[in-house]
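# Structure assessment
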Amino acid sequence: MKRYLIPLALFIVLVVLLAVGLKLDPKHIPSPFIGKPAPMFDLPILHNPQQHIKTADLQGQVWLLNVWASWCVSCRAEHEVVKRFVAMGMAPVYGLNYKDKPEDAKRWLNALGDPYQASLMDISGDAGIDWGVYGVPETFVIDKKGIVRFKQVGPVTNSIIDEKILPLVKELNAEAG
Amino acid sequence: MQRQAKVWMIKFSLPIVLLMLFASMPSIAAFDAYQFDDPEKEALYKKLIKELRCTVCQNQDIGDSNAELAQDLRRKTYEMISAGKDEEFVLDYMSQRYGEFVLYRPRLQINTLLLWVGPFIILFIALFFLLRFIRRPEDEVPLTDADRAQAEQLLERDK
């Protein structure tokens, strides 16, 4: 009896490991930015390209950065969720218009609505690289001190807003700047 | 008939092989060719794009992938190397933005320690059991006269 017990135990351990492995999402890469200062950018505003916004300009408030593009299919579905979040008035959302043509981006916002405080143009994708963007849409939550506190790769859903982002933003809004 | 088939095969296999070679050419040609002023920099570039993982198309390095992000990261790598930055700088740059995950050869540090020593631990465990198995004294059961007679008989029969 005992001689069957060891292989059985090993088998169970293997099954458990494989089961856990199946549940893991290989697309989810832990972001190295959580808890670190938000990367710098200095980018022109989509609707007013003469004016630039820098990361430092946004310090002192809790804000969200939503990376989007007109060519990004899942951004379209996410857009309704972003609009819903902005309507709650909890925190401003800035758009990072990633590797897009300005005219396409404007047309997209005209058609779907523009919830963004401002959208910043990253035509070359360099700011995207600095922010470690690899799967548009991506969303970051930045606290008053300019520290990245949360990152969502892929579309933000209503349940992510309700369960993760809203409680976090409330908590961060209560923190001293 | 058979000979003819053989000749036929040789005759046609060469064009087919050549065709396959050329068919794969455009995908190579589509990749950007960067000019380096120094062969050492070029060597470093070629080495690094093989060591950085493309985060969009995982399991491909950025040298192998034609995803947009991979193209951008190759451009970044090129820019840094042409500016005279060394390997360490480029790897730091990438891992600061995309995490340790982009390094195909993870660095030796606390959270990657198991990755590096794990295989050796498994090897030692395997060796331990192997040695124990080899050294195990055989369960010696002395042969009886009857066994001997039977063996003798079997050997005799084979002759």
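Quantities reported herein were computed from a predicted structural model and do not represent experimental measurements.

What counts and how
- Residues numbered from 1 in each chain as written.
- Chains lettered and ligands numbered in written order.
- Predicted model: local features only at pLDDT ≥ 70, side-chain atom pairs only at ≥ 80, totals over all residues.
- Heavy atoms only, no water.
- Helix = DSSP H or I, 4+ residues; strand = E, 2+ residues; numbered from the N terminus.
- Buried < 20%, exposed > 50% of the residue type's maximum accessible area, 1.4 Å probe, protein only.
- Contact = heavy atoms within 4.5 Å.
- Areas by Shrake-Rupley, 256 points an atom, 1.4 Å probe, with all protein chains shown as cover.
- Lys, Arg positive; Asp, Glu negative; His and termini not counted.
- Charge placed at Lys NZ, Arg CZ, Asp CG, Glu CD.
- Buried area = accessible area lost by both parts, 1.4 Å probe.
- Salt bridge = Lys/Arg side-chain N within 4 Å of Asp/Glu carboxyl O.
- Polar contact = N/O pair within 3.5 Å; in protein donor to acceptor, adjacent residues only side chain to side chain.
- Nonpolar A, V, L, I, M, F, W, Y, C, P; charged D, E, K, R; others polar.
- Disulfide = S-S within 2.5 Å.
- pLDDT = per-residue confidence, 0-100.
- Phe/Tyr/Trp six-rings, centres within 6.5 Å; stacked < 30°, edge-to-face > 60°.
- Lys NZ or Arg CZ within 6 Å of the ring centre and 35° of its normal.

Let us now look at the overall build of chain B. Counting secondary structure elements, chain B contains seven helices and zero strands. Traced from its N-terminal end to its C-terminal end, chain B shows the element sequence α-α-α-α-α-α-α. Buried positions account for 25% of the 159 residues belonging to chain B. Sequence-distant contacts, at least 24 apart, represent 49% of the contacts inside chain B between residues at least 6 apart.

Let us look at the overall build of chain A. Scanning chain A for helices and strands turns up five helices and seven strands. The secondary structure elements of chain A, listed N-terminal to C-terminal, are α-β-β-β-α-β-α-β-α-β-β-α. Considering only C-alpha atoms, chain A reaches an extent of 80 × 40 × 30 Å along its principal axes. The 177 residues of chain A split such that 47% are buried. Counted over contacts in chain A with a minimum sequence separation of 6, partners at least 24 positions apart contribute 72%. A total of about 9400 Å² of accessible surface is found on chain A, and carbon and sulfur atoms cover 63% of it. Each charge class in chain A can be summarised by its mean position, and for the 19 positive and 18 negative side chains these summaries are 8 Å apart.

With that settled, the discussion passes to the interface of chain B and chain A. Accessible area lost upon the coming together of the parts serves often as the stated size of an interface. At the junction of the two partners, chain B supplies 16 residues and chain A supplies 15 residues. Summed over both sides, the interface between chain B and chain A buries roughly 1300 Å², with carbon and sulfur atoms accounting for 49% of that surface. Summed over the shared surface of chain B and chain A, the result is five salt bridges. Notably, a salt bridge pairs B:Lys76 with A:Asp126, separated by 3.8 Å at the nearest N-O pair. Applying the counting rule to chain B against chain A returns five residue pairs in polar contact (both at pLDDT 80 or more). Every element with two or more residues in the side of chain B that touches chain A is listed here: helix H4 (68-82) and helix H5 (87-98) of chain B. Considering each element in turn, the side of chain B that touches chain A owes the most residues, six residues, to H4(B). Classifying every residue of the side of chain B that touches chain A by side-chain character gives six nonpolar, five polar and five charged.

Attention now moves to the state of the cysteines. Disulfide: a covalent bond connecting the sulfur atoms of a pair of cysteines. Residues and elements named next belong to chain A. A full pass over the atoms with the stated rule returns one disulfide over all chains. The disulfide that involves Cys 72 links it to Cys 75, with 2.2 Å between the sulfurs. Looking along the S-S bond of the Cys 72-Cys 75 disulfide, the torsion reads about 90 degrees, which is the right-handed sense. Given the relative accessible area of 4%, Cys 72 is considered buried. When its relative accessible area of 2% is taken as the criterion, Cys 75 is described as buried.

On to the confidence of the model for chain B, then. Residues with a pLDDT of 70 or more make up 86% of chain B, whose mean pLDDT is 83. Among the prediction metrics, the complex's ipTM stands at 0.78, with pTM recorded as 0.73.

This next bit is on the environment of A:Ile160. Residues and elements named next belong to chain A. Following the sequence through the fold, Ile 160 ends up in helix H5 (residues 158-174). For Ile 160, a relative accessible area of 14% gives the class buried. Between the alpha carbons of Ile 160 and Asn 173 there is a distance of 18 Å; along the sequence they are 13 residues apart. Setting aside chain neighbours within four positions, we find Ile 160 in contact with Phe 150, Gln 152, Pro 155 and Ile 165.

One pass over the structure, following the stated rule, counts twelve aromatic pairs over all chains. Taking the centre distance of 6.4 Å and the plane angle of 70 degrees together, the rings of A:Trp63 and A:Trp131 count as edge-to-face. In this pair, A:Trp63 is assigned in strand E3 (residues 63-68) and A:Trp131 in the loop between helix H4 (126-130) and strand E6 (138-142), connecting sequence segments 68 residues apart. Note on A:Trp63: relative accessible area 1%, which makes it buried. We classify A:Trp131 as buried; its relative accessible area is 0%. Consider the rings of A:Trp131 and A:Phe140, whose centres lie 4.9 Å apart with planes at 75 degrees: the pair is edge-to-face. With a relative accessible area of 0%, A:Phe140 lands in the buried category. Lying across the ring of B:Phe101, B:Arg53 places its NZ or CZ 4.3 Å from the centre.

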